[in-house]
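Secondary and tertiary structure notes
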Amino acid sequence: VAQAWLELPYLERSVGVELSPTRHAAATRSWGRLAADDSAAELLRRPGEPEFTLGSMLECGLCGLTHVYVASLCMDDQLLS
């Protein structure tokens, strides 16, 4: 999510939805460190920032999205169907 935001300046939004509270906290903490780093100012010149959401992608609105990445390594058969 953060990498896409930084590398693709034409993106209007970059949204990450994470089920794991631990991984969500790591993502928001990492973005906060980057945003506070003066040496990253050039990377962060564009308006806005990526969005980090704690929750299930099944409960988030997917309308208007153009690209979706889902890692399914630990998903059960019922969810994958």
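Residues numbered from 1 in each chain as written. Predicted model: local features only at pLDDT ≥ 70, side-chain atom pairs only at ≥ 80, totals over all residues. Heavy atoms only, no water.

1. Describing the pattern of salt bridges
Following the criterion strictly, the structure yields three salt bridges and no others. The salt bridge involving glutamate 18 is made with arginine 23; its shortest N-O contact spans 2.9 Å. You can call glutamate 18 partly exposed: its relative accessible area is 22%. With a shortest N-O distance of 3.2 Å, arginine 45 and glutamate 42 are connected by a salt bridge. According to the relative accessible area criterion, glutamate 42 is exposed, its value standing at 58%. (Salt bridge = Lys/Arg side-chain N within 4 Å of Asp/Glu carboxyl O. Buried < 20%, exposed > 50% of the residue type's maximum accessible area, 1.4 Å probe, protein only.)

2. A look at the side chain of histidine 24
Looking at the secondary structure, you find histidine 24 in helix 2 (residues 21–36). When its relative accessible area of 17% is taken as the criterion, histidine 24 is described as buried. Setting aside chain neighbours within four positions, we find histidine 24 in contact with Glu18, Phe52, Thr53 and Leu54. (Helix = DSSP H or I, 4+ residues; strand = E, 2+ residues; numbered from the N terminus. Contact = heavy atoms within 4.5 Å.)

3. Notes on the layout of surface pockets
Here the largest pocket is characterised by a volume of approximately 1400 Å³. Lining the largest pocket are 36 residues, and of these Val1, Val15, Gly16, Val17 and Tyr69 sit closest to its centre. The set of elements that each furnish at least two residues to the lining of the largest pocket consists of strand 1 (15–18), helix 2 and strand 2 (51–54). Counting residues per element, the lining of the largest pocket draws most heavily on strand 1, which supplies four residues. (1 Å grid on protein atoms, 1.4 Å probe; cavity = no way out; pocket = protein on both sides within 12 Å on 5 of 7 lines; lining within 4 Å. Points joined across faces, edges and corners; volume = space filled by probe spheres on them.)

4. A word on the packing of aromatic side chains
Per the stated rule, a full pass over the model turns up one aromatic pair. Between tryptophan 31 and phenylalanine 52, the ring centres sit 6.4 Å apart and the planes meet at 45°, which makes this aromatic pair tilted. With tryptophan 31 in helix 2 and phenylalanine 52 in strand 2, this pair connects stretches of sequence that are 21 residues apart. Residue classification places tryptophan 31 among the buried positions, given a relative accessible area of 8%. Residue classification places phenylalanine 52 among the partly exposed residues on the basis of a relative accessible area of 24%. Directly above the ring of tryptophan 5 sits arginine 46, whose terminal nitrogen or CZ lies 3.4 Å from the centroid. (Phe/Tyr/Trp six-rings, centres within 6.5 Å; stacked < 30°, edge-to-face > 60°. Lys NZ or Arg CZ within 6 Å of the ring centre and 35° of its normal.)

5. With respect to the side chain of arginine 46
Checked against the element boundaries, arginine 46 lands in the loop between helix 2 and strand 2. Within the buried set, arginine 46 has no salt-bridge partner at all; the shortest N-O distance to an opposite charge, 9.0 Å, is to glutamate 12. Here tryptophan 5 takes part through its backbone oxygen, which lies 2.6 Å from a polar atom of the side chain of arginine 46. (Lys, Arg positive; Asp, Glu negative; His and termini not counted. Polar contact = N/O pair within 3.5 Å; in protein donor to acceptor, adjacent residues only side chain to side chain.)

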